[in-house]
Amino acid sequence: MLLLGLTGSIATGKSTVSTLLSRAPYSLPIIDADLIARQVVEPGTAGYTAIVQHFLPSTPDLLLPDATPRGRPLNRPALGRRVFGSGADKERDRKTLNGIVHPAVRKEMYRQMVWAYLRGNWAVVLDVPLLFESGWERYCGSILVVGVSDPGIQIQRLRARDAHLTEEDARNRVVSQGDVREKAERALRRGKGRGVVVWNDGGREELEGQIQGVMRDLRSGSPRWWSTLLWVCPPLGAVAGLWSWYRMRGVQLKWEEEKKREKSKL
C-alpha cells in the first residue's frame, strides 16, 4: 500500500486536493491530521483535559460559553492567538500544545493506516500540514505538495475563509507553517515519482487537471498486481515498506545536514 503524503501550507488548497482524492475516480481513504487533531481535544478526552489544565489559568477565554454534555469546547481562535506568532513565550506555548496533541494524533493515524491496509486499498492519503516538520516524510512512499507562489495569496484566501482573522493573525498563521516553496524543493529532492509539486495559483479546473496527471503517474508506478501482491503477502509488504523508509530517511537526513551547514555559514 502506497502512503501518499499530502502537505502544503495553510490556504494553499490542500483541503481541496484532499477532497478531490477522496472522491471518484480516485476514492482514496484520507487520514486527515487536522481533523484528528480536533477529535483528540474534544471535551472528555485526555488531550482536552491537559490543554485546559495548562492554558486556562492564563487564558480566561480558552473555553466557549456554550457547554456540550461533556463540557465546554475549546475556543480555538483564543488558543490560536496564544500559540501563533513570534517570541519565546509563544514558541514555548506552541511546543507545549504540540506535545499534548501530536502523540494522540499519531496513535490514531497508525490505527487508520492499518485499517486501510486491511481493506485492500492500493494507497492511502496522509493529509498532514506539517508533514516534513513532524517527521512523517520518511514514512511516505510519495509526497504531494500543494503550494502557491506568493504568500500574499495565502493571506487573502485565509481571511476570506476565516473572517474573524485580522491581517496580522493570518500572517502569523502562514509564517508558523513555514515557506511552502521550501517544502516544494524538499519534495522534489526525493526524486521522480516520490515527490510531486502542484502550484495552485489558478482556478479549480486547472488544479483538477494537475491532480489527474499526478495520480495517473502514481498509479502507473504502483500497478494493481503489485498492490495485490503486497496485500496477500504481508511479509513482502513489510520488506517493501522498510526499504522505502530507509531510502527516504537518507534523503531526509541529507537535507537536514545541508541546512545545518548553511546555517553554520551565516
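Before reading further, recall that the structure is shown in the block above.
Report follows, based on the coordinates. What you are looking at is a predicted structure, and each value in this text was computed from that prediction instead of being measured. (Residues numbered from 1 in each chain as written. Predicted model: local features only at pLDDT ≥ 70, side-chain atom pairs only at ≥ 80, totals over all residues. Heavy atoms only, no water.)

## Brief notes about the packing of aromatic side chains
Phase 1: Applying the stated rule across the entire model yields four aromatic pairs.
Phase 2: Seen in terms of ring centroids, Trp243 and Tyr246 are 6.1 Å apart; in terms of plane orientation they differ by 20°. Their pairing is stacked. Linking Trp243 with Tyr246, this pair stays in helix α11 (residues 234-265), spanning three residues, or about one helical turn. With respect to burial, Trp243 and Tyr246 carry one shared label: exposed.
Phase 3: Taken together, the aromatic side chains of Tyr110, Trp136 and Tyr139 make up a single cluster linked through ring pairs.
Phase 4: Cation over ring: Arg219 sits above Trp122, and NZ or CZ is 4.3 Å from the ring centre. (Phe/Tyr/Trp six-rings, centres within 6.5 Å; stacked < 30°, edge-to-face > 60°. Helix = DSSP H or I, 4+ residues; strand = E, 2+ residues; numbered from the N terminus. Buried < 20%, exposed > 50% of the residue type's maximum accessible area, 1.4 Å probe, protein only. Lys NZ or Arg CZ within 6 Å of the ring centre and 35° of its normal.)

## So, the environment of Pro73
Phase 1: Mapping Pro73 onto the fold places it in the loop between α3 (46-55) and α4 (76-83).
Phase 2: Residue Pro73 is classed as partly exposed on the basis of its relative accessible area, which comes to 21%.
Phase 3: Separated by 31 residues in sequence, Pro73 and Glu42 place their C-alpha atoms 6.6 Å apart.
Phase 4: Excluding anything up to four places from it in sequence, Pro73 contacts Pro43, Leu62, Leu63, Leu64, Asp66 and Thr68. (Contact = heavy atoms within 4.5 Å.)

## Notes on the pairing of strand β4 (residues 142-147)
Phase 1: The buried fraction of β4 is high, at six of six residues.
Phase 2: Taking every second residue as pointing to the same face, both faces of β4 are buried, with Ser142, Leu144 and Val146 on one and Ile143, Val145 and Gly147 on the other.
Phase 3: Here strand β1 (residues 2-8) pairs with β4 via five bridges, running parallel. Residue Leu6 lies in a different strand from β4, and its bridge partner there is Leu144.
Phase 4: Sheet topology note: the β4/strand β5 (residues 195-199) ladder contains five bridges and is parallel. What sits directly across from Gly147, in β5, is Trp199. (Pairing = 2+ DSSP bridges.)

## Details of the pairing of strand β3 (residues 123-127)
Phase 1: Counting buried positions over the five residues of β3 gives five, a clear majority of the element.
Phase 2: Direction of pairing for β1 relative to β3: parallel, over a ladder of five bridges. Residue pairing across strands places Leu4 opposite Val125, the latter belonging to β3.
Phase 3: With three bridges connecting them, strand β2 (residues 30-32) and β3 associate as parallel partners. Each bridged residue has a counterpart across the sheet, and for Ile31 the counterpart in β3 is Leu126.

## Some thoughts on a nonpolar patch on the surface
Phase 1: Residues Trp225, Leu229, Trp231 and Val232 make up a contiguous nonpolar surface patch of about 440 Å² in total accessible area.
Phase 2: Examined against the element boundaries, Leu229 turns out to sit in helix α10 (residues 224-232).
Phase 3: Relative accessible area serves as the criterion here: at 33%, Leu229 is assigned to the partly exposed category. (Patch = residues over 30% accessible without salt bridge, like charges linked within 9 Å, V, L, I, M, F, W, Y side chains within 5 Å. Areas by Shrake-Rupley, 256 points an atom, 1.4 Å probe, with all protein chains shown as cover. Salt bridge = Lys/Arg side-chain N within 4 Å of Asp/Glu carboxyl O.)

## Quick notes on the sheet that holds β4
Phase 1: Spatially, five strands are ordered β2-β3-β1-β4-β5 in an open sheet, and the strand pairing comes out parallel. Because the sheet does not close on itself, it has two edges, and the strands there are β2 and β5. Adjacent strand axes in the sheet meet at a mean angle of 20°, parallel and antiparallel pairs treated alike.
Phase 2: Lying on the sheet, helix α5 (residues 88-118) is in contact with β1, β2 and β3; it crosses β2 at an angle near 180°.
Phase 3: Along the sheet face, helix α9 (residues 204-221) touches β1, β4 and β5 and points at about 170° away from the line of β5. (Axes fitted to C-alpha atoms, helices over the stretch in contact; angles between N-to-C directions.)

Purely geometric stuff here, so don't read any function into it on its own.
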